[in-house]
Amino acid sequence: MSSLKTLYNGRKAIYGLVRKKVTGRRIPVRVNFLVTKYCNLECFYCYAEDVLNVKEIPEFTLDELKDLIDQVYDTGCRWVNILGGEPLIRNDIEEIIDYLRSKGMFIEMTTNGYFIKKRIEALKKLDHLAISLDGNKKSNDRARGEGSFEKIIEGIQCAIDNGIKVRVHATLCKRTMQGESFDFLVNYCKDMGITLNYSENGLPGIEELDPDYLLSEEEALSFYQGYEEMKAKGYPIVSSEVAVDYVAKWPLPDKTTIYKKDLADIPEDSYYPCQLGRNQCFISADGNVYPCTKKWGEGKNVGDVGFKAAWEAMEEDLDCVACKELGTIEQSLITGLQSRALVNGITNFVL
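Residues numbered from 1 in each chain as written. Predicted model: local features only at pLDDT ≥ 70, side-chain atom pairs only at ≥ 80, totals over all residues. Heavy atoms only, no water.

**Student:** What is the right way to read the overall build of the protein from this model?
**Tutor:** A tally of helices and strands in the protein yields 14 helices and 10 strands. Across the 351 residues of the protein, 58% fall into the buried class. Pairs at least 24 apart in sequence give 73% of the contacts found in the protein among residues at least 6 apart. A total accessible area of about 15,200 Å² is found for the protein, and carbon and sulfur atoms account for 51% of it. (Helix = DSSP H or I, 4+ residues; strand = E, 2+ residues; numbered from the N terminus. Buried < 20%, exposed > 50% of the residue type's maximum accessible area, 1.4 Å probe, protein only. Contact = heavy atoms within 4.5 Å. Areas by Shrake-Rupley, 256 points an atom, 1.4 Å probe, with all protein chains shown as cover.)

**Student:** Could you clarify how one ought to interpret the pattern of salt bridges in this entry?
**Tutor:** Under the counting rule described, the total for this entry stands at 13 salt bridges. As a salt-bridge pair, R30 and E108 come within 3.0 Å of each other at their nearest N and O atoms. Of this pair, R30 sits in strand β1 (residues 30-34) while E108 sits in strand β3 (residues 106-111), and the two are 78 residues apart along the sequence. Like R30, the residue E108 is buried in the burial classification. For E108, the salt bridge goes to R167, with nearest N and O atoms at 3.7 Å. In this pair, E108 sits in strand β3 while R167 sits in strand β5 (residues 166-172), placing the two residues 59 residues apart along the sequence. (Salt bridge = Lys/Arg side-chain N within 4 Å of Asp/Glu carboxyl O.)

**Student:** What exactly am I supposed to notice about the nonpolar core here?
**Tutor:** Across soluble globular proteins, nonpolar side chains show a tendency to be buried alongside one another. Judged by nonpolar contacts, the single largest core of 78 residues is most densely connected at F33 and F307. Excluding anything up to four places from it in sequence, F33 contacts L65, L68, I69, V72, V80, N81, I82, L83 and I283. Ranked by size, the runner-up nonpolar core spans 19 residues in total, among them L34, C39, A48 and V51. (Core = buried A, V, L, I, M, F, W, Y, C linked by side-chain atoms within 4.5 Å.)

**Student:** Just checking my understanding: could you explain the pairing of β5 for this structure?
**Tutor:** Remark: a regular strand shows side chains that alternate across the two faces of the sheet. With 7 of 7 residues buried, β5 is to be regarded as a mostly interior element. Side chains of β5 alternate between two faces, with V166, V168, A170 and L172 and R167, H169 and T171 buried alike. Of the strand pairs in this sheet, strand β4 (residues 128-132) and β5 are connected by 4 bridges, and their pairing is parallel. Note that in β5 the partner of I131 across the bridge is V168. As judged from the 6 bridges shared by β5 and strand β6 (residues 195-200), these two strands associate in the parallel manner. Bridge pairing links H169 to N197 in β6. (Pairing = 2+ DSSP bridges.)

**Student:** Help me understand the sheet that holds strand β2 (residues 79-83), please; the structure alone is not making it clear to me.
**Tutor:** Two pairing modes exist for strands in a sheet, parallel and antiparallel, and in both the strands are linked by backbone hydrogen bonds. Read from one edge to the other, the open sheet built from 8 strands follows the order β6-β5-β4-β3-β2-β1-β8-β9, with strand pairing classed as mixed. Strand pairing shows two members of the sheet lacking a second neighbour, β6 and β9 (289-290), which therefore form its edges. In terms of strand pairing, β1 meets β2 through 5 bridges, oriented parallel. The residue bridging R30 from the neighbouring strand is W79, located in β2. Here helix α3 (residues 93-102) sits on the sheet and contacts β2 and β3; the angle it forms with β3, its principal contact strand, is near 155°. The strands that helix α7 (residues 179-192) touches are β5 and β6; relative to β6, the one it contacts most, it runs at about 145°. (Axes fitted to C-alpha atoms, helices over the stretch in contact; angles between N-to-C directions.)

**Student:** What should I look at first to understand the environment of G234 in this one?
**Tutor:** Here G234 shows up in the loop between α9 (217-232) and α10 (241-248). Using a relative accessible area of 48% as the deciding quantity, one classes G234 as partly exposed. With 44 residues separating them in the primary sequence, G234 and K190 have C-alpha atoms 8.8 Å apart.

**Student:** Please explain the packing of aromatic side chains as it appears in this structure.
**Tutor:** Given two aromatic rings, their pairing is described by the distance between the two centres and the angle made by the two planes. All chains considered together, the criterion is met by 6 aromatic pairs. Note on F182 and Y198: the rings are 5.9 Å apart at their centroids and 45° apart in plane angle, and the pair reads as tilted. Here the residue F182 occupies a position in helix α7, and Y198 occupies one in strand β6, the gap between them amounting to 16 residues. A single burial state applies to F182 and to Y198, both of which are buried. (Phe/Tyr/Trp six-rings, centres within 6.5 Å; stacked < 30°, edge-to-face > 60°.)

Worth remembering: the numbers are spatial, not functional.
Following this line, the structure appears as structure tokens:
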């Protein structure tokens with residue numbers, strides 16, 4: 001897709017944010033569509049593992065997805081992120097992208113990179129492509145499967161060769177933040193002329209699945225401080241300085257989430273209110289509408305009540321106020337129109 005078309009669609013997404021701010025109306029500015037339950041990988045930390053490759057769970061047909069896109073559009077959404085499973089497994093993925101384009105929506109996709117070459121003509125129609133890569137070969141293959149590193153690198157190269165705006169998305173854990181793995185990621189992205197972001201894993205019970213996975217508080221703080229230094233040195237870090245600085249100064253060292261019941265003991269200016277569930281949501285492959293990965297499994301189903309009702313019901317159940325997860329904070333800052341984060345987001349995602 002041309003830069004001018006991307007800029008035009010990005011402008012409409014920003015307009016939705018401004019309209020929400022001015023009117024005070026609760027609009028799903030950004031919706032994450034899980035268009036399939038199928039994936040060729042079995043990453044143990046996947047937040048969609050409850051539906052992943054489960055044959056008994058029905059999947060949306062193309063016509064059903066088009067109807068759902070219409071419902072989402074009618075509520076005011078102009079910014080969509082296509083997820084899975086692995087979205088490029090769907091043989092009709094280009095038709096899905098074409099339908100979103102016909103609506104003039106800003107279109108992102110997150111992929112594991114395996115099928116980029118096969119679906120390259122469809123991917124050229126996106127505004128932004130995130131490709132998952134969890135560090136160097138040793139770190140990535142331990143998390144995502146033996147031999148996956150080479151396939152991902154091949155996919156990234158193919159996307160770049162075809163002029164697609166790409167960023168690498170890495171899951172933050174003990175292995176991806178270690179010296180060799182982190183150095184590989186920042187230098188690889190800099191050499192390839194693409195951007196990089198990290199996000200922490202919020203899957204409940206992740207500690208039991210792999211005790212050597214999550215960072216301690218001290219390790220996380222040290223990592224984010226180094227992350228800021230890398231960005232200051234000109235490395236292509238997507239996350240804005242304000243988001244990284246916010247994480248480094250998180251007010252609850254023993255918790256990753258602030259709930260309404262915690263507010264009496266926390267200074268008001270020490271956290272940024274989360275916007276997930278307020279102006280963003282996920283629609284899972286089986287049709288449930290969730291505010292975020294940490295609230296997986298708590299929403300209503302679009303097949304039962306429709307998207308509008310599922311979106312409206314979500315607000316009633318939100319007991320959380322803020323979160324330490326960097327990706328969530330970045331999205332909240334952008335969709336909350338925080339000036340520095342918004343400029344950073346436009347620079348990295350639209351221009």
